[in-house]
Amino acid sequence: RRPGSRTVLERALADDRVERLVVGTTSLGGTRQILASRLGLRLPHHVLRRVYDTTTGNPLFALEVGRMLAGLDLDNLGDELPLPDAIEDVLGLRVADLPPGARRALLALDLDADLRVAQLRELAGPGAVAQAQDSGVVAVDGERIRPAHPLLAEVARRSASGEDVRRLHTDLAAVVVDEQRRSLHLAIAAIKPDAGLAEELDDAVCRASARGATRLAVDLAAHALRLTPPGDPDAARVVALARLLNAAGEKQRLTRLLEPRVATLPDRADRVRAWLLLTGGVVRDNDDIHALLQRALDEAGDDAALRLRVLC
């Protein structure tokens, strides 16, 4: 039964005649199966994980979010999940009624889930955490803090202006300890090309890749390319992002990145590498793969080392 007062049937029966079964949440695999069987929706793993984390295994919420995703280009989804109007309306009223500090704390948790209580107090003010906790929108466990439900944080983000989000990313960069997270916050906040920040992001990409954080490395590399000033060399960043997209299995983004650029990459080795990477992109059949490999061989010409790279 739904939460609330006991039904007539329950009141009529003695407790020893009632068996109660607690209905728990579904699993990540269960969410995948629900979306596939009910909506015919098969999501990339990182998007599925985002849906699962956001809906905390609630099948109803997962289906509602899935219905919104079904009509979207998943490759350009970004970090924000679409929310059904009914859920957003209900939770939006709750978020809108929060004191400004508590609302900013909730937004900060959506932008960086690894914040600690002390960092959140620095970002939103000394009383913001207590206000958010009293309002029931966050849960505190020692120094750890999280939204009471991820959908509350999603709504806080959707209701914030772009300028508020950028300003908070800048403030987050000042309080986080992890250097890659700091660089990412600065990159998201930046709206104009910035050669210095792009170089900083290159270093962050290398560190994130070295520790196996492929998704983070993809985000960092994409921002490094975006922030490269017009006219500055960007071929190395194009190839670096392509390699990461290949590792992450993002075929559409890989193809869209390389197809218009491969022929104009100034370095022959980069062109060979790009043609090879395109074999991991969107291809129709083996003939397409063979054609791409042949382009790589043609590009390699009589360079034995490059030809060996293609053949191996």
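Just above, that's the structure.
Residues numbered from 1 in each chain as written. Predicted model: local features only at pLDDT ≥ 70, side-chain atom pairs only at ≥ 80, totals over all residues. Heavy atoms only, no water.

1. Description of the pairing of strand β1 (residues 138–141)
To keep it simple, the criterion reads: Whether two strands pair comes down to DSSP finding at least two bridges between them. Numbering goes from the N terminus for both helices and strands, where a helix is a DSSP run of H or I of at least four residues and a strand is a run of E of at least two.
Relative to strand β2 (residues 144–147), β1 runs antiparallel, the two sharing four bridges. Looking at β2, one finds that V140 is bridged to I145.

2. Re the packing of helix α3 (residues 45–55) against helix α9 (residues 150–159)
The angle between the axes and the distance between the axes are what describe a pair of packed helices. To keep it simple, the criterion reads: For every element, the axis is a line fit to its C-alpha atoms; helices are fit only across the contacting stretch, and the angle between N-to-C directions ranges from 0 to 180 degrees. Angles below 35 degrees are treated as roughly parallel, those above 145 as roughly antiparallel, those between 65 and 115 as roughly perpendicular, and all remaining angles as oblique. We call two residues contacting when some pair of their heavy atoms lies within 4.5 Å.
Between α3 and α9, the shortest axis-to-axis distance is 6 Å and the interhelical angle comes to 105°. Regarding the angle of α3 to α9, the classification is roughly perpendicular. Across from R50, D53 and T54 in α3, the residues of α9 making contact are P150, L151, E154 and R157.

3. What about unusual backbone geometry?
Put simply, the rule reads: Each residue gets one of three labels from its accessible area relative to the maximum for its type: buried under 20%, exposed over 50%, partly exposed in between, using a 1.4 Å probe on protein chains only.
Positive phi outside glycine occurs at T56, with the angle close to 50°. Residue placement: T56 occurs in the loop between α3 and α4 (59–69). Classification of T56 as partly exposed rests on a relative accessible area of 36%.

4. A few points about helix α6 (residues 100–111)
We apply this condition: To estimate the expected span of a helix, subtract one from its residue number and multiply by 1.5 Å.
With 12 residues, α6 extends 16 Å between its outermost C-alpha atoms, agreeing within 8% with the 16 Å of an ideal straight helix rising 1.5 Å per residue. Burial of α6 is extensive: nine of the 12 residues sit out of reach of the surface.

5. Quick look at the side chain of Q119
Heads up, the condition is: Residues adjacent in sequence count toward polar contacts only when both atoms are side-chain atoms; beyond that, a polar contact is any pair of N or O atoms within 3.5 Å, and within protein one must be able to donate a hydrogen and the other to accept it.
Its location among the elements puts Q119 in helix α7 (residues 117–124). The class for Q119 is buried, based on a relative accessible area of 13%. Polar contacts involving the side chain of Q119 include one to the main-chain amide nitrogen of R116, which spans 2.9 Å. Every residue in contact with Q119, bar those within four places of it in the chain, is listed here: D114, V175, V176 and V177.

6. Concerning helix α12 (residues 195–210)
Rules: An arc is given here, and it is the one of the directions from the helix axis to the C-beta atoms.
Look at α12: 23 Å from first C-alpha to last across 16 residues, which is about the 22 Å you get at 1.5 Å a residue. All buried positions along α12 are accounted for by L197, A198, L201, A204, V205 and A208. Seen from one end, α12 has its buried residues packed into an arc of 115°, which puts them on one side. Residues of α12 that are exposed and point over 90 degrees away from its buried face: E199, C206 and A210. Looking at the buried positions of α12, the neighbouring elements they touch are α11 (179–189), α13 (214–226) and α14 (235–248). Where α12 begins, the capping side chain belongs to D194, and its oxygen is found 3.2 Å from the backbone nitrogen of G196. G212 lies just past α12 and shows a positive phi near 80°.

7. A word on the environment of A189
Within the secondary structure, A189 is located in helix α11. When near neighbours in sequence (up to four residues on either side) are disregarded, A189 contacts R166, H169 and T170.

8. Examining the nonpolar core
Filter applied, for reference: Grouping buried Ala, Val, Leu, Ile, Met, Phe, Trp, Tyr and Cys residues that are joined through side-chain atoms within 4.5 Å yields what is termed a nonpolar core.
Counting residues in each nonpolar core, the largest one holds 43 residues, and the members touching the most others are L201, L220, L227, L241, L257, L258 and V272. Every element with two or more residues in this core is listed here: α11, α12, α13, α14, α15 (251–258), α16 (268–278), α17 (286–300) and α18 (304–311). With residues up to four places along the chain from it excluded, the contact list for L258 reads V238, A242, A274, L277 and L278. L98, V129, A132 and L172 belong to the second largest nonpolar core, which has 32 residues in total.

9. Description of the pairing of β2
Burial along β2 is one-sided: I145 and P147 are buried, and none of R144 and R146, which face the opposite way, are. Taking the residues between adjacent antiparallel strands as the criterion, β1 and β2 are bridged by two residues, where G142 takes a positive phi near 65°.

10. Things to note about the side chain of T26
By the secondary structure assignment, T26 is in the loop between α1 (8–12) and α2 (28–39). Of the residues examined, T26 reaches a relative accessible area of 17% and is grouped as buried. Excluding anything up to four places from it in sequence, T26 contacts T31, I34, Y52, G57 and P59.

11. Some remarks on the environment of R256
Along the polypeptide, R256 turns up in helix α15. When the C-alpha positions of R256 and H46 are compared, they lie 19 Å apart, and in sequence the two are 210 residues distant. Not counting residues within four places of it along the chain, the set of residues in contact with R256 comprises D73, D75 and N76.

12. Here we look at the packing of α17 against α18
What counts is decided by this rule: Any residue outside Ala, Val, Leu, Ile, Met, Phe, Trp, Tyr, Cys, Pro, Asp, Glu, Lys and Arg is labelled polar, Gly included; the first ten of those are nonpolar and the last four are charged.
Between α17 and α18, the least distance of the axes is 8 Å, while the angle of their chain directions is 170°. As summarised for this structure, α17 and α18 are arranged roughly antiparallel, according to the angle between their axes. Contact with α17, carried on its side by L293, A296, L297 and A300, involves L306, R307, V310 and L311 of α18 and no other residues of that element. In terms of residue class, the contact of α17 with α18 is built from seven nonpolar, no polar and one charged.

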